[in-house]
6 protein chains.
Amino acid sequence: MNTLTSTDYPQPQSGDIPRYSGLPTFFRLPFGAQIASLDIGVVGVPWDGGTTNRAGTRHGPRELRNASSLVRRVHPVTYQSPYDLARVGDLGDVQVNPVDVQDSLARIENYYRTLYQQQVMPLTAGGDHLTTLPILRALGREQPVGMIHFDAHSDTNDTYFGGERFTHGTPFRRAVEEGVLDPQRTVQIGIRGALFSEHDHVWARANGITIIPMEQVTQEGMQTVMERARAIVGMEPTYISFDIDVLDPVYAPGTGTPEIGGMTTLQAQHGVRLLQGLNLVGADVVEVAPPFDQGNLTSMTGATMMFELLCQLAGAHHRRMTSTGAMR
Amino acid sequence: MNTLTSTDYPQPQSGDIPRYSGLPTFFRLPFGAQIASLDIGVVGVPWDGGTTNRAGTRHGPRELRNASSLVRRVHPVTYQSPYDLARVGDLGDVQVNPVDVQDSLARIENYYRTLYQQQVMPLTAGGDHLTTLPILRALGREQPVGMIHFDAHSDTNDTYFGGERFTHGTPFRRAVEEGVLDPQRTVQIGIRGALFSEHDHVWARANGITIIPMEQVTQEGMQTVMERARAIVGMEPTYISFDIDVLDPVYAPGTGTPEIGGMTTLQAQHGVRLLQGLNLVGADVVEVAPPFDQGNLTSMTGATMMFELLCQLAGAHHRRMTSTGAMR
Amino acid sequence: MNTLTSTDYPQPQSGDIPRYSGLPTFFRLPFGAQIASLDIGVVGVPWDGGTTNRAGTRHGPRELRNASSLVRRVHPVTYQSPYDLARVGDLGDVQVNPVDVQDSLARIENYYRTLYQQQVMPLTAGGDHLTTLPILRALGREQPVGMIHFDAHSDTNDTYFGGERFTHGTPFRRAVEEGVLDPQRTVQIGIRGALFSEHDHVWARANGITIIPMEQVTQEGMQTVMERARAIVGMEPTYISFDIDVLDPVYAPGTGTPEIGGMTTLQAQHGVRLLQGLNLVGADVVEVAPPFDQGNLTSMTGATMMFELLCQLAGAHHRRMTSTGAMR
Amino acid sequence: MNTLTSTDYPQPQSGDIPRYSGLPTFFRLPFGAQIASLDIGVVGVPWDGGTTNRAGTRHGPRELRNASSLVRRVHPVTYQSPYDLARVGDLGDVQVNPVDVQDSLARIENYYRTLYQQQVMPLTAGGDHLTTLPILRALGREQPVGMIHFDAHSDTNDTYFGGERFTHGTPFRRAVEEGVLDPQRTVQIGIRGALFSEHDHVWARANGITIIPMEQVTQEGMQTVMERARAIVGMEPTYISFDIDVLDPVYAPGTGTPEIGGMTTLQAQHGVRLLQGLNLVGADVVEVAPPFDQGNLTSMTGATMMFELLCQLAGAHHRRMTSTGAMR
Amino acid sequence: MNTLTSTDYPQPQSGDIPRYSGLPTFFRLPFGAQIASLDIGVVGVPWDGGTTNRAGTRHGPRELRNASSLVRRVHPVTYQSPYDLARVGDLGDVQVNPVDVQDSLARIENYYRTLYQQQVMPLTAGGDHLTTLPILRALGREQPVGMIHFDAHSDTNDTYFGGERFTHGTPFRRAVEEGVLDPQRTVQIGIRGALFSEHDHVWARANGITIIPMEQVTQEGMQTVMERARAIVGMEPTYISFDIDVLDPVYAPGTGTPEIGGMTTLQAQHGVRLLQGLNLVGADVVEVAPPFDQGNLTSMTGATMMFELLCQLAGAHHRRMTSTGAMR
Amino acid sequence: MNTLTSTDYPQPQSGDIPRYSGLPTFFRLPFGAQIASLDIGVVGVPWDGGTTNRAGTRHGPRELRNASSLVRRVHPVTYQSPYDLARVGDLGDVQVNPVDVQDSLARIENYYRTLYQQQVMPLTAGGDHLTTLPILRALGREQPVGMIHFDAHSDTNDTYFGGERFTHGTPFRRAVEEGVLDPQRTVQIGIRGALFSEHDHVWARANGITIIPMEQVTQEGMQTVMERARAIVGMEPTYISFDIDVLDPVYAPGTGTPEIGGMTTLQAQHGVRLLQGLNLVGADVVEVAPPFDQGNLTSMTGATMMFELLCQLAGAHHRRMTSTGAMR
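As recorded in an unreviewed UniProt entry, chain A goes by Agmatinase and comes from Mangrovibacter phragmitis. On record in UniProt, under Sequence similarities (unreviewed entry), the comment for chain A is "Belongs to the arginase family. Agmatinase subfamily."

Trainee: Teacher, can you tell me more about the environment of Asp-182 of chain A here?
Mentor: Residue and element names in this part refer to chain A. Considering the arrangement of structural elements, one finds Asp-182 in strand β5 (residues 181-191). In this structure Asp-182 comes out as partly exposed when scored by relative accessible area, which is 21%. Other than its neighbours up to four places away in sequence, Asp-182 contacts Pro-144 and Val-145.

Trainee: Please clarify how the pattern of salt bridges should be interpreted in this entry.
Mentor: One side chain can pair with another of opposite charge once the charged atoms of both are near each other. Residue and element names in this part refer to chain A. For the coordinates displayed, the defined rule picks out 97 salt bridges over all chains. Of the charged contacts, one joins Arg-165 and Glu-177 as a salt bridge, the two residues approaching to 3.2 Å between their closest N and O atoms. Residue Arg-165 is located in the loop between β4 (145-150) and α4 (171-177), and its partner Glu-177 is located in helix α4; the two are separated by twelve residues in the primary sequence. The partly exposed category is assigned to Arg-165, whose relative accessible area is 37%. We classify Glu-177 as partly exposed; its relative accessible area is 43%.

Trainee: Please clarify how the interface of chain C and chain A should be interpreted in this entry.
Mentor: When the parts come together, some accessible area is lost, and that loss is often what is quoted as the size of the interface. Taken together, the 28 residues of chain C in the interface contact 29 residues of chain A. Buried surface at the junction of chain C and chain A, both sides included, amounts to about 2500 Å², of which 59% is carbon and sulfur. The largest per-residue losses of area from chain C upon contact with chain A belong to Phe-196, Glu-198 and Ile-260 of chain C, which jointly make up 27% of the total buried on that side. Summed over the shared surface of chain C and chain A, the number is three salt bridges. The salt bridge involving Arg-72 of chain A is made with Glu-259 of chain C; its shortest N-O contact spans 3.0 Å. If you look at where chain C meets chain A, you find eleven residue pairs in polar contact (both at pLDDT 80 or more). The greatest single-element share of the side of chain C that touches chain A, amounting to three residues, is contributed by helix α6 (residues 214-220) of chain C. Class assignment of the residues belonging to the side of chain C that touches chain A gives a composition of ten nonpolar, twelve polar and six charged.

Trainee: Help me understand the relation of the copies chain E and chain A, please; the structure alone is not making it clear to me.
Mentor: Between the two copies of the chain lies a rotation about an axis combined with a shift along it. Of the transformation placing chain E onto chain A, the axial shift is 0.0 Å and the rotation is 180°, giving an RMSD of 0.0 Å. Those values place the two copies in the arrangement expected of a two-fold rotation axis. Of every C-alpha in chain E, the one belonging to Pro-291 of chain E sits nearest the axis of rotation, 2.9 Å from it. With an isologous cut-off of 70% or more, the 100% of interface residues of chain E that recur at the interface of chain A puts this contact in the isologous class.

Trainee: It is not clear to me how the interface of chain E and chain A should be interpreted in this structure. Could you clarify?
Mentor: Contacts between the two partners involve 20 residues from chain E and, on the opposite side, 20 residues from chain A. In total, chain E and chain A occlude about 1500 Å² of area from one another, counting both sides; carbon and sulfur atoms represent 55% of this. A per-residue breakdown of the area chain E buries against chain A is headed by Arg-58, Val-99 and Phe-161 of chain E, which together make up 35% of the total. If you look at where chain E meets chain A, you find zero salt bridges. In this assembly, chain E and chain A are joined by four residue pairs in polar contact (both at pLDDT 80 or more). Considered class by class, the residues forming the side of chain E that touches chain A number seven nonpolar, eight polar and five charged.

Trainee: Would you mind going over the side chain of Thr-304 of chain E with me for this structure?
Mentor: Tracing the backbone shows Thr-304 of chain E in helix α9 (residues 297-322). Within polar-contact distance, the side chain of Thr-304 of chain E engages the backbone oxygen of Met-300 of chain E at 2.7 Å. Among all residues touching Thr-304 of chain E, those that are not within four sequence positions of it are Ile-260 of chain D together with Val-71 and Gln-269 of chain E.

Trainee: For this particular structure, what's the right way to read the UniProt feature "binding site: Mn(2+)" (unreviewed entry) in chain A?
Mentor: All names here are of chain A. When the UniProt feature table is mapped onto this chain, "binding site: Mn(2+)" (unreviewed entry) is found at His-129, Asp-151, His-153, Asp-155, Asp-243 and Asp-245. Annotated residues spanning 117 residues; largest pairwise C-alpha distance 12.0 Å, indicating a single compact cluster. Inspection of the secondary structure puts His-129 in the loop between β3 (121-125) and α3 (132-139). The exposure class assigned to His-129 is buried, which follows from its relative accessible area of 0%. Here Asp-151 lies in the loop between β4 and α4.

What counts, and at which threshold
- Residues numbered from 1 in each chain as written.
- Chains lettered and ligands numbered in written order.
- Predicted model: local features only at pLDDT ≥ 70, side-chain atom pairs only at ≥ 80, totals over all residues.
- Heavy atoms only, no water.
- UniProt positions renumbered as here; feature names shortened; annotations may be inferred.
- Helix = DSSP H or I, 4+ residues; strand = E, 2+ residues; numbered from the N terminus.
- Buried < 20%, exposed > 50% of the residue type's maximum accessible area, 1.4 Å probe, protein only.
- Contact = heavy atoms within 4.5 Å.
- Salt bridge = Lys/Arg side-chain N within 4 Å of Asp/Glu carboxyl O.
- Buried area = accessible area lost by both parts, 1.4 Å probe.
- Polar contact = N/O pair within 3.5 Å; in protein donor to acceptor, adjacent residues only side chain to side chain.
- Nonpolar A, V, L, I, M, F, W, Y, C, P; charged D, E, K, R; others polar.
- Least-squares fit on C-alpha atoms with pLDDT ≥ 70 in both.

Structure, rendered in structure tokens:
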């Protein structure tokens, strides 16, 4: 298709082999790739150490891999395959420590720093949302990144349980405080659900984070919302964090803190498809908690959203390689 | 916030205590309040004595309480807490008789008459829809109330099984016949599903009840529908009855008579949020049948809709107390 | 209602008998009708011999019958009953062979040929989508039929597993090749989901099949889409094939190849209701796989969609009998 | 096999037709048989009007029929088929009234009186245990019957909810009081579970009913227990009532009042197989509540126990016909 | 019954109120009792901070309370009620910290120290098995207690994840090291399941703990095993810890580390019933993980085992009060 | 431990890495081993092409791998690890063809012939029971093997559906006819369940196969049964086939043809543990059908039984290597 597209890029297992067959790597990609040989690494972080309510995201990566066998290789709208645009591989799981939050934060940050140093863009399967903090620490250390954040919750609370600063309800407050996330270039889409206090969103807004509640998404439509999001992040390095609970619980029952009245998968797909052309540096799908799932629906949804994000990351990589800045 | 808001009003348990912890009262409110000390009483009616098809709503109150632990205390759109506007408490369950319909109807009516006499507005967790009949008998005895009725079914049939007049398919015909419900001030929203007979809606319409089928809700939008509903009920005393089966079965699988093609929770939340300023006298969420639920989704949805209704009742109470008639 | 409507037409069991009672025939219709006495025969094909991924549609007919007890007899929009327009009966299941694809294809074709010869329109409960091939062979043998095809997938692949030509991913390619389906009069609605190859839809389009992807349905609306579909099939004999996976997985989790981002049941009902006046010769609901269902939701949805289709078939029959061409 | 065994006896559908195929009659027997043409009628009573705790047995008959498709036709120990010993047919469901207990009791009694008058032995699929009361009224009116009663509960309480005399916790007290059940010839096997009061079993024992608690079954073994049971009922007319909750909840989760520490299915099968040679007049399997079932396990278990009972009833019938008193 | 049995002892809610009704306190006991007014306090510890594999026991107390509504008030074998022998109350949950293990250990220990000081025997609903460590610290501080320990696992490993000393796989090693548990008076019953290393049980045995593997329980029978257990603990203060995974997974699927080939509930009930006469100081049921449960079976089983333990604790209390040392 | 035990043998992933982490290979073994480097190859056959009733075993290997993460490395009774006795690896899945039985039979046979030629003993995760036929063709081609066969069904029927000779109900009739299985050295344990015909077991017995029904296992005990089984197979090459449906459905609900009244897992483990010292050539666990499973119980049970079989195979290998013939 173009000179940079190598036929030697890693490809998913052939469709002639039944999809329920074989080891469930992400998207049926080859397993055991060397980091250095990849442009995009798909990584699992089986962890729920920061979860304040219903745990279970430690089982997320395994079930996301399992469900990703159902995702074929070519995008249905662009008719393009991410595996033709970039070298993609399943790098396995980060080794975390289920009984020590700080130890796990350090392990995760170290792992992603290695990816960053080798210029491999991470596509992460969480894990609860605290997972994103050490990833941002690795990606935003030199320059704070911007972020397009799909979520029902702002995750910018200060503390829980009488002083705990590191939970899945606080990562982005910490990331801004630590200077690895640029709040002026951060937009949160789909926020909803009753609050602990009338002050819950005050800090975020005061620091420049843009909150687009679900009500607004419904009224304005995804096209308008995403145009605004693109304007906010601009062409500087941008991370996409997709908390599965941005979706209505009917699409994603398997999560720890569901909130009714959420986004449809059609809207979410539409939203992600409107991100092309940005300067993406990584992405994640977090908060998939299989013990609360119904018939693997959340895992299937999460895996498909990972594929949508993968297509965006691959496009961003390919644009960088071709220096044209235009994907199609 | 204003002089009437007492810091002594009962408040839900602190967010610093994990939400899965402790006894599941409604919204984590204190249990064992005296009726006389409340403005709004949250009451369970664990009963399915009128159910003609799949039973199970006898388990509704317990699971609604359980799920309500997930609902925090401040409304996400108004940034206001109902617990700052009114004294709200969990009054426990009405003692019903699972094997005798008439006995249960009498017990329920008696209980709500006490609430009515003490000027406590009831927010009820059903129970099947026959539960609403004795509530209306208690609230509408002196003056028939108007009603905004969310439902897939009109529930105005005459009899079942060869003459049974008291089932969950007949409460509103009885309520109109008994003079406790004003049909001219009654509007039914979301009606759909195949009918037993082409005459099923004839009686309701002939008596002045307004039926707004789901097709019409889809075409006109919730804003238009609710404006019409507000005009129908006016500023006279109005009850809100929310049958969970008005929602599409994907949002509320745990109900006895699901009908595909229903309302989204977003629409339902939007609809209820458009009710502010009315002269509300009580509300209910009925037909939550946990044995048919999937992963507690229906209970969580029902509990969240109860919170939306609670916010409306608290606002109505607060307006009455301040005599301004304007909520914000 | 009109002179052709016989009070002797078979009717579902009375609503005075609880709907969970008795044998679950389709729509509680009498069982054991003679083919010759019917205008429309409801038939089960308990078969998944062509399934390439997750099997289970062999259990579809039984659960669709079971769930159809919940569907009452009168359409909620037209206030008309199909049982007043045509003689409808449950003809039981075709005897298939679960371990031999070709044998089953022959058995199914033979059965439907009998129906065709006796001028009984089939309403089929599948079965996987390969089921539709022998039905088309029976109905389209003398003249290729047109088809309105609701599906997430085009089902026009050539082969699977290194040469298998008869799977549920290939029926319509075979049907066109065999001359029993007219591609110029075939329209596929709701297509979506990642593809095996960027060439997956090339054959279909090159042969004249119209593909309307889900994205387009969302953008244009069902009214526009169905007008286009009606124009494509015109007034020649037309078959309707409804693959349950056209629906979003939240409405139809019980299917073998779910794809997120699909149609709502409201949209699907709307779509089918816009088909009146066409020259229909049969219809099916396929790919209901109960082992993957959640709380019988898919079966209930499938049964209700069968009822919508039945109303269309009954209308088409009635118009032919009255020769007016107008349904109401 | 013998001169009385007619090859014209009704037989289940051939094993060459897949068992998931076709309408789920009991054991795949022909449907629509005339009462007069049968020796044993299999009857459903879809009713839970007497249930004091978790309802759902109204769905029992349908799911028992559904699951009975898995039961083949020849007993694995005797290598004999009940369909060679007696004329057996599925008579459908008794029409009950879900909202009126007394009306249902009358309807059921009337139905079984007809069977009794036509000398058709009933094998009943309940329904809650109150179902057995009207059956005993029909069978024991002329002469009180004896009973072998498998159950976790004695079901001989006096009243519930402040005076209710007819619930599924009281049928055998009523039956003894009414003179249709002979307490001296009644034995209850498998009784266990915490009691409301230390006096719960006093009435039963004082009236001559033999209670064999589960602890005793475990200690003495089923062989000893059943010998004692046979001695108690003797050769007078005897009814077998099998409450599915006699089984441990792992074998029968789908029931309203489970008690841990129960019987295994192996023990229950063994127990029933030790009943041959008795003068049986009918049997039932009650308290199967599908909404609480797990993967249809309880229905499958219930259907298989019905087959074991059917074999005993068929043997009893056959012995009466051959007047030898010996089954093999 | 005896002079010490007060009719003023707290009693469960009357059986005349449906058991699915009202707030689910443990065994439907009154809520909000003062510690000082009780002999036995039932306490929840909603915590899984020490869980190394599948988490979820944080939801244990709530579901155990919920399921305990099904347990009536009189023991079926002794015909005696614990509520006549001791003052029993539901004390609610200990406030734990889901993201900090050491903080939670301290909070739990403090709470139980208060109970200990007020001479209230604790019956605990866990929580994972690390919960038992701070309880033993509170109860065994002055004198190390003995323990009868039902479990599939010895829980005497040293560390996990490269040095973590406090997990649910290590509590009893820590308790012995800290001198709060007497290994010579500790017996572990039901041990089974593959091991990480051939040395897994070496430390326990070397320190004097008696391990009775499941194979041995099967061969020798529960009577023999419990006689040995009684001899080991003698008449000194003894704690009973019941890890629900001692049961076969079919009886207790809802647990984090199931092992096939386990105990039946009948055996477990039998075992606990053989403990009467011991000098008991407390008991727990731990490792009930509702997210992995099937139809609340594990919760129901856990609640019933709690009732069996409650009867033993109440008997021990009563003996101490009457100074006879014999229960019956 | 002995000179043959190499520390270089492949070992499962360390217990210090959470067991829910990483790719689910069988028993967390390294993936991608070369056949030539192994003594025992664990192989998946994701196939249900021979299934006559409820399909789904095509998903068996994936879920068995998933569940096998819970199985640790050392046997709890022998305190010995199979990974110290033999080189064991996960060889992935055989590529089968879901829509062509004969093609799949050929593919499977070819694969196992390679293993046989390279002297790698197969431990297979099915797949339905027809899978065992091509395995026996590969292993028994030169000399018919003996077999210890755990199953609820004899699987020696002749044909299904009017002549189909290759189904999961016929493999051992075919294997005997083809001379790859020695009926005189074949014993079937646990047989039960109603039969299609009184002649179902005649062929097997006439050909020398020993059938030990479940009733006999219960009466005689597993020790006696297995002594008899060992005598039947002797010291000639012997295969073990473990159909998961030999277990009672409560232990293995996820299977296509469950029969109540089956074996406990304790009995099955005991049975397999009594097989040591035999001349084993391979083993399988078949008929695990995840779509019908409850909470992965069947997969966990199947994986643990695979581990028990693996220990036997490893012991047999080790004895051959050391030429002593005694395992310990």
